[in-house]
Every structure is written in structure tokens, then in C-alpha cells.
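A look at the structure
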Amino acid sequence: MPYDWIKSVTRVMKAASGQVKGLDRVPFFAISDEQFISRIMGITTREILSSPETYANCIIKTAEFIQADTIQIPSAYAGPLEAYAFAEVNNKMDSIQWYDYKPLAIKPGEVCKTEEDIEKLEIPDHSKIDLWETTFTTANIIKEKVNLSQSMGVSIWSVVQELRGIDAFKDIRRNPDLLLKLCEKIYESQLDVYNNWVEKVGVPPLIMYTGYAFNKHMMSFKDAMKYEGQFIKRFQEKIKAPFMLHNCGTKPYFKEICREIDFIAVNGSHPLDIEYWIEFQKEFPKITIMGANIDVSREMLTGTPQDVEEKVRENIINLAPRGRYIVSPICCLPWGVPLPNVFAIHKAIEKYGQYPIKIS
Ligand SMILES: [Zn+2]
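Residues numbered from 1 in each chain as written. Predicted model: local features only at pLDDT ≥ 70, side-chain atom pairs only at ≥ 80, totals over all residues.

1. Overview of the overall build of the protein
What counts is decided by this rule: Strands are runs of DSSP state E lasting at least 2 residues, helices are runs of H or I lasting at least 4, and numbering of each runs from the N terminus. For the radius of gyration, the atom set is restricted to C-alpha positions; the globular benchmark scales as 2.2 Å times the number of residues to the power 0.38. Any two residues are considered in contact once their C-beta atoms, placed from the backbone, lie within 7 Å.
Looking only at helices and strands, the protein features 16 helices and eight strands. At 20 Å, the protein has a C-alpha radius of gyration in line with the 21 Å of a compact globule built from 360 residues. Dimensions along the principal axes, computed over C-alpha positions, put the protein at roughly 60 × 45 × 40 Å. Pairs at least 24 apart in sequence give 72% of the contacts found in the protein among residues at least 6 apart.

This is the structure:
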């Protein structure tokens, strides 16, 4: 029987808008990166990215294998591919490292080693970057094959870290103007990705904003607003799609940021205390929680399928009864995650996530 993607899309839309009526069960959102896809498909990262057809096929097959309700193109965000684009136009391709079974990576801090590197930093034209072209075409193939419009990822601080490395944290104190100059250039580059996306793929239904600056162990909330938050507000003026906040850090400022900026959903695994999330839902009843405290580096990686089932159950019974809750292990499913633990997610949803949710 072919995978019922129409049913999955309807399920996600209903859950995200709080429509419990007619909703069969809690949806499952998974982030599968090149590492996990490579493991499931048995081919290397380069092979996965060798053509948009292969890439789209691998992404769809992996999502269906674990019975997820969503599809994410791993490269369609401000991660390795944005670093790759900057490296290419600034003649720093020797800072890019390819791996067989994980995403390509940049040596952090290589592209913007000096002040002059930042001053002279060229902004990429994404229509001329081969892997971005592959990504845009892949989004169109997925849309054609399973009728699923792809969300697009945006970020400032994740790119800052890739280009400037550890020096970015020193710049917060020593050279804030220089750091802001870099943020501005990344902002412009991210808008170029968006404009290309609109032109080649269409308006994305959702922006997945990876807001890594919003972490207590990284910087103060005030600094996070300065180097990331103010740009989110500016993006929101230009991009008329709803924003979802992804933060896989261990001390995220979820409540603080949601008081300042509009998000329709938050996607994270911390804090680990379920009570935090119960309180979060009370304070922000319109924001969909994706994940709560299902962390890929704990039960998923080292526990048993029963441990995973118990964690998913805890999240569902506490957060799903009124809708606006989506099961999501955060972040990317790691290379070593036992497959029975991944399958335990869908099984737990089938067992505890059927509407109406039984609370006891
Ligand atoms: Zn993440």
C-alpha cells in the first residue's frame, strides 16, 4: 500500500491549528539529516546529493521507513550548505570537508578569520551554487511526488558560528560593530536564499528558524536579541510565511523569545522538565509544541524501546489532549540510534496518541 502522505499533511495541519475534531492521532515530525538518510539508504552523502531525483527519493523513502508525517530537506537551512555557498564565493573551498556518512562541514572560523575577511566578505548568489540548485529542484520533486510543500530554514547565528567560529563569542564583548556587520551580510544572504526559493519553488508554507543564539549558556537574552532576534523581526516583515523556532540547545530561552517575537511553533528538547512545557502551553496556548523533552541523545540513543515509549507517552498525555502538540525527537536522528528505538516512536503514538487522548 502506498504511503498516505495526504493523510499525514492533514494530520499535521489539524494538530498545528488546534483542531482536535476529526484528528485521528498525534503527528510525528522527525529531522533526518544526511547521516540518518545515509544509514537507511545504505549510500554515501555524495551519492545522496548526486542528483535531485536521488536526493528526493532518499528523503521520501527514509521518512516513510520510520513512518514520519513530515518531510524535511536536510540541506534547506542555514547550515552546512550556507557555509558552502559563502566558502565558494569567497574562494575558501579548502575549508569545506566532505564525509561519507555525515553532512559536509566547514572548518569553523576559516571564512572570516580576520576583520578584513568580514569587511570584504562576498554574499553568495544562490542560483549559481550547484548544491543549492539541487536543493531547490529537490523541493519541487518532493512537491510533485508526495504533494508536500517544503518549509525553508533561516538563521543568522548558526552561520555566524560557521564563518567566524569561536571568535564570534569574543566579538560580542570586543568588537560588537564588526559582529553586527557580519550578521547584516548573513541577513542579506539569507534573503537571497528566500528569494530564490520563492522564484524556483514557491512561497514556503513555513519558515523553520534555527535560533541558536537563544541559549543561556551562549549569551545573554539581550545579546541574543541583538545578534539574532532583531533580524528575525526584520525577516518577518519581508517574509509573510509563519515562523517555527527550532532550538536544540540545552538551555533555550523559549518563553523569553516567545514573549518578544511571533512564532506558531517551537521545536526543542530542553528543558527536560515536563512541568516547564505544561507551563509553557498555559502561557502560550496558540503555539504548537513540537518535541518538548524527547532528546535524541538520551532515551533514543542509549535507552530501550520501552524507555522511548514511556517518554513519548509522557509528552502525549501532558501536552497533546487539546491539540497543538507534535511528537518530535530533537535534533537530527544520530548515526548510532538503535532502529527499534526509532520505530518505538510511531508505536507509542499509535498506542497513546489516538484522539481523544486518554489522560490516565
Ligand atoms: Zn537542531
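2. Concerning the pairing of strand β6 (residues 265-268)
Applicable threshold: Each residue is classified by how many other C-beta atoms fall within 10 Å of its C-beta atom, where C-beta atoms are placed from the backbone; a count of 20 or more means buried, 12 or fewer means exposed, and values in between mean partly exposed. Crossover handedness is defined here as right-handed if the route from the first strand over the helix to the second strand goes clockwise, with the strands pointing away from the viewer. Whether two strands pair comes down to DSSP finding at least two bridges between them.
Burial of β6 is two-sided: the residues Ala 265 and Asn 267 facing one way and the residues Val 266 and Gly 268 facing the other way are all buried. Handedness of the crossover joining strand β5 (residues 243-246) and β6 through helix α12 (residues 254-260): right-handed. As defined by bridge partners, β6 adjoins strand β7 (residues 288-291) across four bridges and the pair is classed as parallel. Along β7, the bridge assignment pairs Ala 265 with Thr 288.

3. Some points on the sheet that holds β6
Strand order across the open sheet formed by six strands is β3-β4-β5-β6-β7-β8, with parallel pairing between neighbours. Each edge of the open sheet is held by one strand with a lone partner, namely β3 (152-154) and β8 (325-326).

4. Here we look at the nonpolar core
For clarity, the cut-off: Nonpolar cores are built from buried Ala, Val, Leu, Ile, Met, Phe, Trp, Tyr and Cys residues. These are joined into a set through C-beta atoms within 7 Å.
By size, the foremost hydrophobic cluster in this structure holds 110 residues, and its most contacted members are Ile 59, Ile 156, Val 160, Cys 183, Val 327 and Ile 345. In terms of residues, this core owes the most to one element, helix α10 (residues 176-200), which gives eight residues.

Nothing here speaks to function; it is all geometry.
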